[in-house]
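# Survey of secondary and tertiary structure
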Amino acid sequence: MTSTRLLRTLWTISMLGLGVVLIFFAFKSDFSVAAHFSGSPMLYLIIALVAFMAEYVDSSLGMGYGTTLTPLLIIFGYSPLQIVPAVLLSEFISGISSGLLHHRLGNVDLNHGSPARKTTSILAACSVVGTVVAVLLAVSLPKEIVKTYIGFMILGIGLYILLARSH
């Protein structure tokens, strides 16, 4: 078995196992990871591992950090008001860090007047507006509406990925 095939097999088995665990937590309404491990260092370890896995997916595919981490944290028992600002802040920090590292390595030119800098400025401005709107909506809307929206958004993204994959 080649190393690439072995890695794919291990990745598939890991993802299937994770999926089974998540389905278990999603339908077991009387269990909350956050409540069960409250105040325990194990809770921080679990969240860190899940966040690193989400960032791995994000770095590998170029997107998916918030899309992956948000529903997982909801399944763990956190409320959207706890999740949305934390995910947005962590994605902001990782985005700035990775952008600066790409500039430093020469993968992108962010010097004054470069096309990449102009594009980055436009994207950053849109991100700030989107973040402010997301936080205001998360604060003002009932928790169940926010959870329902997140669920439909994740379902829609998943269906789009599956349908676009075959074309």
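To start, this report covers the structure provided alongside it. Just so you know, these numbers come straight off a predicted model, no measurement behind them.

Quick notes on the rules
- Residues numbered from 1 in each chain as written.
- Predicted model: local features only at pLDDT ≥ 70, side-chain atom pairs only at ≥ 80, totals over all residues.
- Heavy atoms only, no water.
- Helix = DSSP H or I, 4+ residues; strand = E, 2+ residues; numbered from the N terminus.
- Buried < 20%, exposed > 50% of the residue type's maximum accessible area, 1.4 Å probe, protein only.
- Expected span 1.5 Å × (residues − 1).
- Contact = heavy atoms within 4.5 Å.
- Axes fitted to C-alpha atoms, helices over the stretch in contact; angles between N-to-C directions.
- Parallel < 35°, antiparallel > 145°, perpendicular 65-115°, else oblique.
- Left-handed = near helix turned anticlockwise from the far one by under 90°.
- Nonpolar A, V, L, I, M, F, W, Y, C, P; charged D, E, K, R; others polar.
- Core = buried A, V, L, I, M, F, W, Y, C linked by side-chain atoms within 4.5 Å.
- Polar contact = N/O pair within 3.5 Å; in protein donor to acceptor, adjacent residues only side chain to side chain.

Helix and strand content of the chain: seven helices and zero strands. Each helix and strand of the chain, placed in order from N terminus to C terminus, yields the pattern α-α-α-α-α-α-α. Dimensions of the chain, computed from C-alpha atoms along their principal axes, come out at roughly 55 × 55 × 40 Å. Out of the 167 residues belonging to the chain, those deemed buried represent 19%.

A word on helix 5 (residues 80–105). Its 26 residues give helix 5 an end-to-end C-alpha distance of 36 Å, which sits within 8% of 38 Å, the value for a rise of 1.5 Å per residue. Considered for burial, the residues of helix 5 that qualify are Pro80, Ile83, Val84 and Val87. Buried residues in helix 5 make contact with helix 4 (65–76), helix 6 (115–140) and helix 7 (143–165).

Moving on, we get to the packing of helix 3 (residues 41–61) against helix 4. Between helix 3 and helix 4, the shortest axis-to-axis distance is 8 Å and the interhelical angle comes to 155°. Compared by their axis directions, helix 3 and helix 4 come out roughly antiparallel. Crossing geometry of helix 3 relative to helix 4 is assigned as right-handed. Facing Ile46, Ile47, Val50, Ala51, Ala54, Glu55, Val57 and Asp58 of helix 3, the residues of helix 4 in contact are Tyr65, Thr68, Leu69, Leu72, Leu73 and Phe76.

Between helix 4 and helix 5, the shortest axis-to-axis distance is 10 Å and the interhelical angle comes to 150°. Judged by the inter-axis angle, helix 4 sits roughly antiparallel to helix 5. Here helix 4 and helix 5 pass one another in a crossing that is right-handed. Here Tyr65, Gly66, Leu69, Thr70, Leu73 and Ile74 of helix 4 lie close against helix 5, whose contacting residues are Ile83, Val87, Ser90 and Glu91. Each residue belonging to the contact of helix 4 with helix 5 can be placed in one class, and the counts come to six nonpolar, three polar and one charged.

Turning our attention to the environment of Gly66. Here Gly66 shows up in helix 4. For Gly66, a relative accessible area of 25% translates into the label partly exposed. As a C-alpha pair, Gly66 and Val84 span 18 residues in sequence and 8.6 Å in three-dimensional space. When near neighbours in sequence (up to four residues on either side) are disregarded, Gly66 contacts Pro71 and Val87.

So, on to the nonpolar core. Core analysis: the largest hydrophobic core is formed by 18 residues, its most contacted members being Val50, Tyr65, Leu69, Leu73, Phe76, Tyr78 and Ile83. Listed by contribution, the elements that provide at least two residues to this core are helix 2 (33–36), helix 3, helix 4, helix 5 and helix 7. It is helix 4 that contributes the most residues to this core, six residues altogether. In this structure, Ile83 is in contact with Thr70, Leu73, Ile74 and Tyr78, ignoring residues within four places of it in sequence.

With that settled, the discussion passes to the side chain of Thr70. Considering the arrangement of structural elements, one finds Thr70 in helix 4. A polar atom in the side chain of Thr70 sits 2.8 Å from the backbone oxygen of Gly66. Excluding residues that lie within four positions of it along the chain, Thr70 makes contacts with Ile83, Val87 and Ile150.

Geometric descriptors of this kind do not, in isolation, establish any biological role.
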